[in-house]
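# Residue-level structural notes
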Amino acid sequence: MNSSSQSESAIVVGAGIIGIACAHYLSKAGLQVTVIDRGSLAGACSHGNCGYICPSHVLPLTEPGAFKTALKSLFNPHAPFRVKPQFSPALWNWMWQFARRCTHRQMLAAGNHLKAILDSSMTEYKRLITEEQLECEWQQKGLLYVLQTEAGMHEFSKTDQILSDHFGVNAHQIKGADLPAFDPALKPDLAGGFYYPDDASVRPDLLNSQWIARLKQRGITFVENCELQGLQKSADRVTQLTTSCGELEANWMIFATGAWSPQLSAELECRIPIQPGKGYSVTMQRPTPCPQYPMLFPEHKVGVSPFQNGYRLGSMMEFAGYDTSLPPHRITQLKRSAEPYLRTPFTENEQERWFGWRPMTWDSLPIIGRTPRFTNAYLATGHNMLGMSMAAATGRLIAELIQGKPTHIDANPFSPTRF
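Looking at an unreviewed UniProt entry, one finds the protein chain named D-amino acid dehydrogenase small subunit, with Gimesia alba as its source organism.

Printed below as a string of structure tokens:
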């Protein structure tokens, strides 16, 4: 492909953060890009997440002990990591494949691939935020993991050791007595914390809206409420998309459809083993005192995101299919989970209650690359809980693959052909 040619066109299906990033890099490569979405732009998981850009998250979900935790959760509707009892052969096959990968060796192998794409994304974001002048509360304040108990400190120190020894991701350990001096919003009786200074954070909705605005200025077309209804195919190419807005044609088709991706499996004639992992968040008025740093509480599995004009608690991982309920007890649970740690864990002035489905793969790696059957159809999905963190590198990889260029990091581990 001639990167300076304007004759090449691409359609990106899905206007979440992954689709936005793909559109950005494809446009930079000289393609005419149209982005369609079945709903509103960046309205799903790209909207209500905690906004972490976190190279410290190199360890996959497939870690030893994760499957046992999942099985226990069948009998506990309040578990933060939960599998809802259900008859779903696809889910139980996914769980079986997931369980097979919950080994130390597989964890380190997946971690190496995740580190490559997370580090790349951080580099890309730093350039993007400056070049595009994105006003999105970008902060390089790091990420603070806070532990309530000595047992929690002991357990997390093992994780920290793996991060340091195998991946060169280093933290500053903070004693419990020193935590209130580090961040006055924290209670004085906590066991301690681990501070990863190289992480960053954004306000997700601002990043999405600002980036989309820049891309529109560049001539990229965004079409909301445009549902993909079918694919027209000829030989080894997808020739046309049938949508609720009519027939669309382009040289290249990129499917960045998140947790909905498995519904394209038959049309694209390839396996897309993704399960929706439901998460929740509640955004409210800032408490006093408000945390100065983004935080995670591993023992209660809750994340804290302080914004300039708001404050978000987010967490949970529910394998409950495409369940659209927003149970009040889950929001209450989020608030209560922050109580052991923060002097003022929440405020009553709520701005938004939210849920979204994360696209979970059984090996914790995203799916990025050409479909096995069609030469012009690409997948950019399956980013698990790290879509915001991995988006920039994913967009760059898609553009490199479509141009036939050498990729800036090894893309093979993310290929759809691995299934």
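That shown, we press on.
## Brief notes about the overall build of the protein chain
Helix and strand counts for the protein chain come out as eleven helices and 20 strands. In terms of overall dimensions, the protein chain has C-alpha extents of about 65 × 45 × 40 Å along its principal axes. Looking at the protein chain residue by residue over its 419 residues, the buried ones come to 58%. Long-range contacts, defined as pairs at least 24 residues apart, comprise 75% of the intrachain contacts of the protein chain with a sequence gap of at least 6. For the protein chain, the distance from the average site of its 38 positive side-chain charges to the average site of its 36 negative ones is 3 Å.

## Observations regarding the packing of helix α1 (residues 17-28) against helix α8 (residues 204-217)
It is the contact of α1 with α8, at a shortest axis distance of 10 Å, that shows an interaxial angle of 30 degrees. As far as their axial angle goes, α8 and α1 are roughly parallel. Both α1 and α8 take part in a crossing whose hand is left-handed. Taking contact as the criterion, the partners of Ile17, Ile20, Ala21, Ala23 and His24 in α1 are, on α8, Leu207, Asn208, Trp211, Ile212 and Leu215. Within the contact of α1 with α8, the residues separate by chemical class into eight nonpolar, two polar and no charged.

## Details of the side chain of serine 56
Here serine 56 shows up in the loop between β3 (52-53) and α3 (66-72). Engagement of the side chain of serine 56 in a polar contact is seen with the side chain of tyrosine 145, the distance being 3.3 Å.

## Some thoughts on the nonpolar core
One finds Leu26, Tyr125, Trp138, Leu207, Trp211, Ile254 and Ile398 to be the most contacted residues of the largest nonpolar core, which totals 77 residues. With ten residues, helix α5 (residues 104-131) is the single largest residue contributor to this core. Beyond its immediate sequence surroundings of up to four residues, tryptophan 138 is in contact with Ile53, Met122, Tyr125, Lys126, Ile129, Ala200, Ser201 and Val202. Core analysis: the next-biggest nonpolar cluster, separate from the first, contains 34 residues, Trp94, Met95, Ala377 and Leu379 among them.

## Quick notes on the environment of leucine 71
Here leucine 71 lies in helix α3. Considering only alpha carbons, one finds leucine 71 and lysine 233, 162 residues apart in sequence, at a separation of 42 Å.

## Quick word on the packing of α1 against helix α11 (residues 387-403)
Where α1 contacts α11, the axes come no closer than 8 Å and their chain directions differ by 40 degrees. Here the hand of the crossing between α1 and α11 comes out right-handed. The segment α1 lies against α11, with Ile17, Ile18, Ala21, Cys22, Tyr25 and Leu26 engaging Gly387, Met388, Ala391, Ala392, Thr394, Gly395, Arg396, Ile398, Ala399 and Ile402. Class assignment of the residues belonging to the contact of α1 with α11 gives a composition of twelve nonpolar, three polar and one charged.

## So, α5
Taking 1.5 Å of rise per residue, the 28 residues of α5 would be expected to cover 40 Å, and the 40 Å separating its terminal C-alpha atoms lies within 8% of that figure. Two residues or fewer past α5, glutamine 133 is found with a positive phi of approximately 50 degrees.

## Regarding the sheet that holds strand β12 (residues 246-248)
Spatially, the three strands line up as an open sheet ordered β10-β11-β12, and their pairing is antiparallel. The sheet is open, and its two edges are formed by β10 (228-234) and β12, each paired on a single side. The average angle at which neighbouring strand axes cross in this sheet is 25 degrees, direction not considered. As paired elements, β10 and strand β11 (residues 237-243) share six bridges and run antiparallel to each other. In the strand pairing of β11, leucine 228 is matched with threonine 243.

## Structural notes on the sheet that holds strand β9 (residues 221-223)
One open sheet accounts for six strands, arranged β9-β2-β1-β13-β20-β19; its pairing is mixed. The open sheet has two free edges, formed respectively by β9 and β19 (367-370), since each of these has just one partner strand. Averaged over all neighbouring strand pairs, the angle between strand axes comes to 15 degrees, with direction disregarded. Relative to strand β20 (residues 377-381), β19 is paired through four bridges, and the arrangement is antiparallel. Considered in β20, the bridge of glycine 369 is made with leucine 379. Strand contacts of α11: β13 (252-255), β19 and β20, with the helix running at about 165 degrees to β20, the strand carrying the most contacts.

## Observations concerning unusual backbone geometry
Residue proline 289 is bonded to the preceding threonine 288 through a cis peptide linkage, with omega at -5 degrees. By the secondary structure assignment, proline 289 is in the loop between β14 (274-284) and β15 (295-297). In this model, alanine 42 sits at a positive phi of 50 degrees, which is unusual for a non-glycine residue. Here alanine 42 is to be found in the loop between β2 (32-36) and α2 (45-48). For alanine 42, a relative accessible area of 7% gives the class buried. In this structure, glutamine 133 is a non-glycine residue whose phi angle is positive, near 50 degrees. With respect to the element layout, glutamine 133 can be found in the loop between α5 and β5 (143-147).

## Some details on the pattern of salt bridges
Pairing of side chains with opposite charge becomes possible as their charged atoms draw close. Enumeration according to the criterion identifies 17 salt bridges in this entry. The partner of glutamate 350 in a salt bridge is arginine 353, with the nearest N and O atoms 2.7 Å apart. Of the charged contacts, one joins arginine 418 and aspartate 363 as a salt bridge, the two residues approaching to 2.7 Å between their closest N and O atoms. A residue pair is termed long-range when its members are at least 10 positions apart, and arginine 418 in the segment after α11 and aspartate 363 in the loop between β18 (350-361) and β19 qualify at 55 residues.

About the cut-offs
Residues numbered from 1 in each chain as written. Predicted model: local features only at pLDDT ≥ 70, side-chain atom pairs only at ≥ 80, totals over all residues. Heavy atoms only, no water. Helix = DSSP H or I, 4+ residues; strand = E, 2+ residues; numbered from the N terminus. Buried < 20%, exposed > 50% of the residue type's maximum accessible area, 1.4 Å probe, protein only. Contact = heavy atoms within 4.5 Å. Lys, Arg positive; Asp, Glu negative; His and termini not counted. Charge placed at Lys NZ, Arg CZ, Asp CG, Glu CD. Axes fitted to C-alpha atoms, helices over the stretch in contact; angles between N-to-C directions. Parallel < 35°, antiparallel > 145°, perpendicular 65-115°, else oblique. Left-handed = near helix turned anticlockwise from the far one by under 90°. Nonpolar A, V, L, I, M, F, W, Y, C, P; charged D, E, K, R; others polar. Polar contact = N/O pair within 3.5 Å; in protein donor to acceptor, adjacent residues only side chain to side chain. Core = buried A, V, L, I, M, F, W, Y, C linked by side-chain atoms within 4.5 Å. Expected span 1.5 Å × (residues − 1). Pairing = 2+ DSSP bridges. Salt bridge = Lys/Arg side-chain N within 4 Å of Asp/Glu carboxyl O.

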